[in-house]
Amino acid sequence: MGRRRQFLGFVASLIVFVGGASSASAQSTTLLTAGVSPNGTLTASWSMPYYGVEPTFIEAATSSGTDYEGWFYEWSLVEFDLLSPGQTSYQGGYVLPYGTFYVHVGSIDVPCFYSRLCPVREFSQMMLVTHSPPPPPPAPAPPAAPPVTPPPAVEEAAGITTLSTAQAKKYVRLAVKRRQGKYPKKLKRSCKRRSNTRMRCKVRWNTKKKRYRGTMTIWTKRKSSKVRWYYKFRGTSTKKKCKSKRKSKCKKKVRWG
């Protein structure tokens, strides 16, 4: 605060030059506003009672305590700056630390002082200002949930075409030939769809010695670039010329696939 010491030295020499002043009711500036700018610097404004009262300095300190002349104590001072004649507002050039501070403006009642009726300085009333740290940034919003896309059907994902009823009946006939070595006679099929690639068919056919009844399931799958078909049969075979009284001798369960 070297500028303050220089100013105090100037005031002391001024008092000596004038020859002292008796205490009288001098007019001082009136502090109107005091605060902290968005940049963290001190701001203030004041008014003067009449022409001849000039602002001379502004002070800010962490404590409201003053010495016997009205100055803030040196140890609590955070800002001191000289003012120009006729100046009515102030914008500090230094960023204040965070905290609470007291501000006042010093002035001189020129006619009163040079008439040796007033002291060399008068102080405005004090104002309290607070420099608070900025609020913490808001917490980042949680990431938006990815859109829920229903999984594609297995048939669609594999690029398999729909199994038609005609194809299912054809594969039933081929399945019997694959198991028995020749196409069935009097084959009857009634198919119902279970999915795009699966059909369940009630079937019946005869061979020379047996009658077959049951359910055959046909389905397709894509392997590499080809669509392959599969089958599963659950049913019974009955001997045509069975004279046994025990059904188990004439009728047996059949499981293919």
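What you see is a predicted model; the values in this text were computed from it and never measured. (Residues numbered from 1 in each chain as written. Predicted model: local features only at pLDDT ≥ 70, side-chain atom pairs only at ≥ 80, totals over all residues. Heavy atoms only, no water.)

## Quick look at the pairing of strand β1 (residues 30–36)
Point 1. The pairing of β1 with strand β2 (residues 41–47) spans six bridges and is antiparallel. Looking at the pairing, T33 lines up with S45 of β2. (Pairing = 2+ DSSP bridges. Helix = DSSP H or I, 4+ residues; strand = E, 2+ residues; numbered from the N terminus.)

## Considering the sheet that holds strand β12 (residues 226–239)
Point 1. The strand order β9-β10-β11-β12-β13 describes an open sheet built from five strands, whose pairing is antiparallel. At either end of the open sheet lies a strand with only one pairing partner, and these are β9 (185–195) and β13 (251–256). Going from strand to strand, the sheet's axes swing by 15° on average, the running direction of each strand aside.
Point 2. Inspection of the sheet shows β9 paired to strand β10 (residues 198–206) by eight bridges, in the antiparallel sense. Paired with K188 across the two strands is R204, which belongs to β10.
Point 3. Against the sheet, helix α4 (residues 165–180) contacts β9, β10, β11 (210–223), β12 and β13, and its axis sits at roughly 130° relative to β9. (Axes fitted to C-alpha atoms, helices over the stretch in contact; angles between N-to-C directions. Contact = heavy atoms within 4.5 Å.)

## A look at the pairing of strand β3 (residues 53–61)
Point 1. Among the nine residues in β3, nine count as buried, and that is most of the element.
Point 2. Bridge count between β3 and strand β6 (residues 99–109): eight bridges; the pairing is antiparallel. Each bridged residue has a counterpart across the sheet, and for I58 the counterpart in β6 is V105.
Point 3. The pairing of β3 with strand β4 (residues 77–82) spans five bridges and is classified as antiparallel. (Buried < 20%, exposed > 50% of the residue type's maximum accessible area, 1.4 Å probe, protein only.)

## What to know about the state of the cysteines
Point 1. Taken as a whole and assessed by the stated rule, the structure comprises two disulfides.
Point 2. Paired by a disulfide, C191 and C201 hold their sulfur atoms 2.0 Å apart. Its S-S torsion of about 105° marks the bond between C191 and C201 as right-handed, since a negative value means left-handed. On the criterion of sequence distance, the pair formed by C191 in strand β9 and C201 in strand β10 is long-range, its members being ten residues apart.
Point 3. Note on cysteine connectivity: C242 is disulfide-linked to C250, with sulfurs 1.7 Å apart. Handedness here is read from the sign of the S-S torsion; for C242 and C250, about -70°, the answer is left-handed.
Point 4. Of the residues examined, C242 reaches a relative accessible area of 25% and is grouped as partly exposed. (Disulfide = S-S within 2.5 Å.)

## With respect to the side chain of T29
Point 1. Looking at where T29 falls in the secondary structure, it is placed in the loop between α1 (2–18) and β1.
Point 2. Accessibility expressed as a relative area gives 1% for T29, which makes it buried.
Point 3. Aside from chain neighbours lying at most four places away, what touches T29 is W46, S47, M48, P49, V53, P55, V105, S107, S124 and Q125.

## What to know about the pattern of salt bridges
Point 1. Enumeration over the complete set of coordinates arrives at one salt bridge.
Point 2. Taking the shortest distance from any N to any O, the salt bridge between E69 and R121 comes out at 3.8 Å. With E69 in the loop between β3 and β4 and R121 in the loop between α2 (110–114) and β7 (122–123), the pair connects residues that are 52 residues apart, well separated along the chain.
Point 3. Residue classification places E69 among the partly exposed residues on the basis of a relative accessible area of 33%. (Salt bridge = Lys/Arg side-chain N within 4 Å of Asp/Glu carboxyl O.)

## Looking at the sheet that holds β1
Point 1. Within the open sheet, the three strands sit side by side as β1-β2-β5. Their pairing is antiparallel. Only two strands of the sheet have a single neighbouring strand rather than two, namely β1 and β5 (89–95). Each strand axis lies, on average, 15° off the axis of its neighbour in the sheet, ignoring direction.
Point 2. With four bridges joining them, β2 and β5 adopt antiparallel strand pairing. For S45, the partnering residue across the bridge sits in β5 and is S89.

## Considerations on the environment of G92
Point 1. Within the secondary structure layout, G92 lies in strand β5.
Point 2. A relative accessible area of 9% places G92 in the buried class.
Point 3. Along the sequence, G92 and V36 sit 56 residues apart, while their C-alpha atoms lie 9.1 Å from each other.
Point 4. Ignoring sequence-local partners within four residues, the contact set of G92 consists of T41, L42 and E79.

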